[in-house]
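Here is what each chain is made of, one letter per residue.
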Amino acid sequence: MPYLPITLSLAVISLVISILGGLVIALILRTKLPVLKELALLYISFFRAIPSLVQLFLIYYGLPQLIPGMRVVDALTAAVIGLSIKNAAYLAEIFRAAITSVDKGQFEAAHSIGLNKFQTYLKIILPQATRNAIPASGNIFIGLIKETSLVFTLGVTEIFAKSKLLSATSYKYLETFLAVAIVYWLITIIYTYLQSLLEKKLNKPYES
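This report concerns the structure included in the present document. Throughout, residues of each chain are indexed from 1 in the direction in which the sequence is written. Predicted model: local features are reported for residues with pLDDT of at least 70 only, side-chain atom pairs are reported and counted for 80 or more only, and whole-chain, interface and lining totals are derived from all residues. Side-chain descriptors were evaluated using all non-hydrogen atoms of the structure, hydrogens and water having been removed beforehand.

1. A closer look at the pattern of salt bridges
What counts, and what does not: Think of a salt bridge as a Lys or Arg side-chain nitrogen and an Asp or Glu carboxyl oxygen that are within 4 Å of each other. Here a helix means four or more residues in a row that DSSP labels H or I, a strand means two or more in a row labelled E, and each is numbered from the N terminus. Remark: exposure states derive from per-residue accessible area (1.4 Å probe, protein chains only) relative to the maximum for the residue type, with buried under 20%, exposed over 50%, and partly exposed in between.
Evaluation of the coordinates by the stated rule reveals 3 salt bridges. In this structure, Glu93 and Arg48 form a salt bridge, with 3.9 Å as the shortest nitrogen-oxygen distance. Note that Glu93 is positioned in helix 4 (residues 75-101) and Arg48 in helix 2 (residues 34-49), a separation of 45 residues in sequence. Residue class for Arg48 comes out partly exposed when judged on its relative accessible area of 38%. One salt bridge connects Glu93 with Arg96, and the closest N-O pair in it is separated by 2.9 Å. Taken together, the residues span about one helical turn, with Glu93 and Arg96 both in helix 4 at a distance of 3 residues.

2. Side note on helix 1 (residues 4-29)
Put simply, the test is: By definition here, a helix of n residues has an expected span of 1.5 Å times n minus one. Contacts are assigned to residue pairs with any non-hydrogen atoms lying within 4.5 Å of each other.
The end-to-end C-alpha distance of helix 1, which contains 26 residues, comes to 37 Å, matching closely the 38 Å that a straight helix rising 1.5 Å per residue would cover. Taken residue by residue, helix 1 has Thr7, Leu10, Ala11, Ser14, Leu15, Ser18, Gly22, Ile25, Ala26 and Leu29 as its buried positions. Along its buried surface, helix 1 packs onto helix 2, helix 4, helix 6 (117-147), helix 7 (159-170) and helix 8 (173-203).

3. Describing helix 4
The cut-off we apply is this: Working definition for bend: take the seven residues up to and ending at a residue and the seven starting at it, fit an axis to each, and measure the angle between the axes. As used in this structure description, the phrase polar contact means that two N or O atoms lie within 3.5 Å; if the pair is within protein, one of them must be able to donate a hydrogen and the other to accept it, and residues adjacent in sequence are counted only when both atoms belong to side chains.
Taking 1.5 Å of rise per residue, the 27 residues of helix 4 would be expected to cover 39 Å, and the 39 Å separating its terminal C-alpha atoms lies within 8% of that figure. The sharpest bend along helix 4 reaches about 25 degrees and sits at Ala88. Where helix 4 begins, the capping side chain belongs to Asp74, and its oxygen is found 3.0 Å from the backbone nitrogen of Leu76.

Put into structure tokens, the structure is as follows:
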């Protein structure tokens, strides 16, 4: 399908931004700065509570009324922003839990050998937390792939939007939508397999 790259690029770009945003928010949640921590909690609560479609509409149709400069943002960019900020909220909680799961003794051991807080997180904590976060993060990515089907409401033509156009002209609704469903299924199967390989690689040093 010629529109499959659009679906995949939407999912991958949104995931990368979500990971970066989620990691920053997770680290903020571990700080003792009241204002930043409360803002992070508010962000998570707000964007986890709102349906993805509502968020997309708020960003593409609503924000330009409040911020005139947003009128130059095209539908594809708005879709990436909408998908990213929502999934960053979910990933923040996953990363926070993954970091918390690392034994506190690791922090003490790192400080005892002279590592500062930044070095401790970068060299000791985050590598271990990454291993713990991958399974749940994989579920987020699979959900993100499926959420790309919502961006047709903004006028972005990806595989689901194209299937709607094809079915409307051919009247072959069952065949068209079944084909799209199989494409999503195959993407999920391939990604699940790649994720399992990554998990095995990361778990190898911990195998006895």
